[in-house]
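Okay, here's what each chain looks like letter by letter:
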Amino acid sequence: MQSTLAPIVVVLVASATLAMAAPTPPQASERSDTEILVPPQGGTATVSIHVGTVAILSFPELVSGRLALVSSDDFEIKRWGEKEVAVRPLRANAKPTTLAIATNSDTLKVNVTLTVVAADKPAVTYVRFRAVTAEEAFTAQVDAAVERRVGRLEIELFGLRNNLDELTRTRAERLIAERIVQRNETFAISAHERSNEHVVVHVTHGSILGTDGYLTMSVENRSPDVFRVASVQVTVGSQDVTGAVHLVAGVSPLEGTLGVVPAGRTSQGVVVVRSVDKLLGQPLSLIVTGPHGSQPIRIDRGIVFR
Amino acid sequence: MKWLWLRVTAGGMVAVTVLAPTALADRYEVTVTVRPVGGVGRVQENVGRNDGGPGSASRPVGATAYSAGGELGVAHGVRNWLDLEGDLLGAGFTQATYDGAWVSLSGAPTMGRVTRTTRVAQLRVGATLRAGVAWVSTLHLGLGLGARMQGAATLMSGGENSFTPDGLGGKVALDSAAIVRAGIEHRVDRRWSVGVSAEAVHQAGVGVASIDGISGGLALSYSWYPTVSR
């Protein structure tokens, strides 16, 4: 386990870099602190710094006097207290510089790569190094990897969702346009029926759009109780030709219902009749029922597409 | 009598207003109603003595008579609160009796007891305001046109002998009517309704005296939505 962890060196937890993977990126120039977990065998870390700023590298114990092995002189590196080291890029085009640091007890050894990033890129100003066990480091690395992956997926999903909405809308618009060109007629229908409970269904218009028909209806609830519309069905004889049903009830439909019509109110609705071009001239029936087939209202006359 | 039916009419209108819940009724529906009626009327006859001198017209005198008949109505809901209605009415009055009637018998003025029967047949149209759903309060205003059929009047003389006075033979006269009817109906189911109503009517004919009456009736109605081809 230890050997497999060897390449795992440093895990950034709650860093600005990780935040970049989130669907909503943070302000690129936002300054932040971060924590770096270092396993017992030591590790590496990359610290991004804006030019003109000072970054503090903080350790849990005294930093060894060996601040050796600085790979370039593009950075000014100084002790800042006993447990901190301050670093500052000296020029905007400073080359990435590595800095090997160990604590006095040698429990924490890390090779830090300092890089200068543009002002619009995320950078840190305070870095805490913490010595952890190999298991903790592994867990943190897995969490970070998962979070990065999930973040990427979320971004992709977000994009797909946006595209899907747009794609769906575009396709629907195109379909409607095609059907309008094919056939587009609206005509009045006067077909009505009521239940014993004083709920009246009116079919007032029929429309043919392309190959499908649309019946405009209203449900007038004159009873003192709410009327729950569980189903709306259009049939030709025993054949069900019902497509989508849309009922604007003004009240959120309960589960298992298409809509709820309050007492004394009227709700509008539209029923799609599929492939109406094959049903022209045939009398249709429209059946509106409450839950479990209660209060059926059946209109058998007056609904014909021509 | 006139004040009586005016009071009944006003009372009916108030009752409808009080009973009416929300103004909802039966738009698009057609309703056929059978309404047996019975009532009482003040039937007037021109048999009163006129002090204007010989040859002057007789003064109308009223007599009370009971009536019975029936109506067949057809209504169409044009709004949720308004029906347009047409009715066919047939009714008859019991024999009206005019004591001390002044009539002419073979040209000779005579006073006696005159009796006469009257029947009416009318076609009425009007509007009915409706309020309610299961219980429906109604107020109907209508006008009618029809025929008034009067039997030959009988002048009783000497207990057994009877004569028909001059000008009071059987005849049919053009008749008109103004009607106010208030009622309440109960919708039994989606098709059938039952109800009661009270009606006041004023009839005026051509060449005949007026009749004022009040009546009450039961109503049995059947409603449906007609199919309209467009």
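Use the structure listed above.
Here's what I pulled together on the structure shown here.

Reading the values: rules and limits
- Residues numbered from 1 in each chain as written.
- Chains lettered and ligands numbered in written order.
- Predicted model: local features only at pLDDT ≥ 70, side-chain atom pairs only at ≥ 80, totals over all residues.
- Helix = DSSP H or I, 4+ residues; strand = E, 2+ residues; numbered from the N terminus.
- Buried ≥ 20, exposed ≤ 12 C-beta atoms within 10 Å, placed from the backbone.
- Pairing = 2+ DSSP bridges.
- Contact = placed C-beta atoms within 7 Å.
- Nonpolar A, V, L, I, M, F, W, Y, C, P; charged D, E, K, R; others polar.
- Axes fitted to C-alpha atoms, helices over the stretch in contact; angles between N-to-C directions.

## Things to note about the overall build of chain B
Secondary structure summary: chain B contains one helix and ten strands in total. Within chain B, buried positions represent 41% of all 230 residues.

## With respect to the pairing of strand β4 (residues 108-131) of chain B
Working note: regular strand, side chains alternate between the two faces of the sheet. All names here are of chain B. Here strand β3 (residues 82-105) pairs with β4 via 20 bridges, running antiparallel. Bridged to Leu105 within β4 is Ala108. Between β3 and β4, which pair antiparallel in sequence order, lie two residues; one of them, Ser106, sits at a positive phi of approximately 55°. In the sheet, β4 pairs with strand β5 (residues 135-150) via 14 bridges, with the strands oriented antiparallel. Note on β5: the bridge partner recorded for Val120 is Arg148. Where β4 folds back onto β5 in an antiparallel hairpin, the turn is made up of three residues, including Gly132, whose phi is positive at roughly 125°.

## Overview of the interface of chain B and chain A
Listed by partner, the interface residues are eleven residues for chain B and twelve residues for chain A. Of the residues contributing to the side of chain B that touches chain A, the split by class is six nonpolar, two polar and three charged.

## Some remarks on the environment of Thr211(A)
Residue and element names in this part refer to chain A. Relative to the helices and strands, Thr211 is located in the loop between β11 (199-209) and β12 (212-221). Assessed through the 13 C-beta atoms surrounding it within 10 Å, Thr211 is described here as partly exposed. Expressed as a C-alpha distance, the spacing of Thr211 and Lys278, which sit 67 residues apart in the sequence, is 8.4 Å. With residues up to four places along the chain from it excluded, the contact list for Thr211 reads Ser275, Val276 and Asp277.

## Some thoughts on the sheet that holds strand β18 (residues 266-273) of chain A
All names here are of chain A. Read from one edge to the other, the open sheet built from five strands follows the order β10-β11-β12-β18-β16, with strand pairing classed as antiparallel. Two strands close off the open sheet at either side, each with one partner strand: β10 (184-194) and β16 (242-248). Pairs of neighbouring strands in the sheet enclose a mean axial angle of 20°, with direction left out of account. In this structure, β10 lies alongside β11, joined through nine bridges in antiparallel fashion. Its bridge partner lying in β11, Arg194 is registered against Val200.

## Some details on the environment of Gly41(B)
Residue and element names in this part refer to chain B. With respect to the helices, strands and loops of the structure, Gly41 is situated in strand β1 (residues 30-48). With 25 residues separating them along the chain, Gly41 and Tyr66 place their C-alpha atoms 6.1 Å apart. Ignoring sequence-local partners within four residues, the contact set of Gly41 consists of Ala65, Ser67, Phe93, Ile211, Asp212 and Gly213.

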